[in-house]
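# An overview of the molecular structure
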Amino acid sequence: LPADVVKKSRAGCGKCTRCLDACPTNAFVGPYVLDARKCISYLTIEHKGSIPVHLRPAMANRVYGCDVCQQVCPWNKFEWGDSSGSPLFGPVQIAVAAP
């Protein structure tokens with residue numbers, strides 16, 4: 001099989017904080033720093049114990065994972081071809097995604 005084409009890295013969020021602002025559990029403690037103990041994807045997929053009570057309201061109806069940070073990232077529009085959101089899940093509703 002032919003090797004997959006390696007895409008160039010797009011480093012540099014600049015002053016963008018969309019993922020930090022939209023995270024339902026405020027799992028980003030700073031730029032490029034994620035506290036997995038607060039991340040819904042970690043809590044619902046990897047974590048072996050109970051989900052902390054104080055984080056449960058922010059989870060809303062999420063049962064398995066959360067991609068809000070990916071959905072609001074403006075760099076992902078280059079991967080998806082436009083800014084209408086994920087081809088699988090459609091546009092993110094900021095009113096629902098934001099804390």
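Residues numbered from 1 in each chain as written. Predicted model: local features only at pLDDT ≥ 70, side-chain atom pairs only at ≥ 80, totals over all residues. Heavy atoms only, no water.

Helices and strands together make up the secondary structure of the chain, namely six helices and two strands. Its helices and strands taken in sequence order, the chain reads α-β-β-α-α-α-α-α from the N to the C terminus. Taking all 99 residues of the chain together, the buried fraction comes to 27%. Considering only contacts within the chain whose residues lie at least 6 apart along the sequence, 40% involve residues at least 24 apart. Of the roughly 7,400 Å² that the chain leaves accessible, carbon and sulfur atoms contribute 59%. (Helix = DSSP H or I, 4+ residues; strand = E, 2+ residues; numbered from the N terminus. Buried < 20%, exposed > 50% of the residue type's maximum accessible area, 1.4 Å probe, protein only. Contact = heavy atoms within 4.5 Å. Areas by Shrake-Rupley, 256 points an atom, 1.4 Å probe, with all protein chains shown as cover.)

Turning next to unusual backbone geometry. Its identity as a non-glycine residue notwithstanding, Asn-26 has a phi of 55 degrees, on the positive side. Here Ala-60, not a glycine, exhibits a phi torsion of approximately 50 degrees, which is positive. Tracing the sequence through the fold places Ala-60 in the loop between α3 (56–59) and α4 (68–72).

Right, let's get into the confidence of the model for the chain. Summary statistics for the chain give a mean pLDDT of 79 and a share of 67% for residues scoring 70 or more. Put simply, helix α6 (residues 94–97) is where the chain has its lowest mean pLDDT, 52, and helix α2 (residues 40–46) is where it has its highest, 93. (pLDDT = per-residue confidence, 0-100.)

Looking at where Thr-44 falls in the secondary structure, it is placed in helix α2. In this structure Thr-44 comes out as buried when scored by relative accessible area, which is 15%. Taking the C-alpha atoms as reference points, Thr-44 and Val-63, 19 residues apart in sequence, are found 6.6 Å from one another. Not counting chain neighbours up to four residues away, the residues in contact with Thr-44 comprise Ile-51, Met-59, Arg-62, Val-63, Tyr-64 and Gly-65.

Structurally, Val-68 is set in helix α4. For Val-68, a relative accessible area of 4% gives the class buried. Taking the C-alpha atoms as reference points, Val-68 and Ala-22, separated by 46 residues in sequence, lie 6.8 Å from one another.

What follows is about the nonpolar core. Burial of nonpolar side chains together is a common tendency in soluble globular proteins. Core analysis: the largest hydrophobic core is formed by six residues, namely Ala-22, Ile-40, Met-59, Cys-66, Val-68 and Val-72. Filtering out sequence-adjacent residues up to four positions away, Met-59 remains in contact with Ile-40, Thr-44 and Ile-51. Grouped together as the second largest cluster of nonpolar side chains are five residues, Leu-20, Cys-23, Ala-27 and Phe-28 included. (Core = buried A, V, L, I, M, F, W, Y, C linked by side-chain atoms within 4.5 Å.)

Before going further, it helps to spend a moment on the state of the cysteines. Think of a disulfide as a covalent bridge from one cysteine sulfur atom to another cysteine sulfur atom. A full pass over the atoms with the stated rule returns zero disulfides. In this structure Cys-66 is not part of a disulfide, and its nearest cysteine sulfur, from Cys-23, lies 6.5 Å away. (Disulfide = S-S within 2.5 Å.)

Under the definition given, this model contains one salt bridge. Asp-35 is the salt-bridge partner of Arg-37, the closest N and O atoms lying 2.9 Å from each other. Look at Asp-35 and you get buried, because its relative accessible area is 14%. (Salt bridge = Lys/Arg side-chain N within 4 Å of Asp/Glu carboxyl O.)

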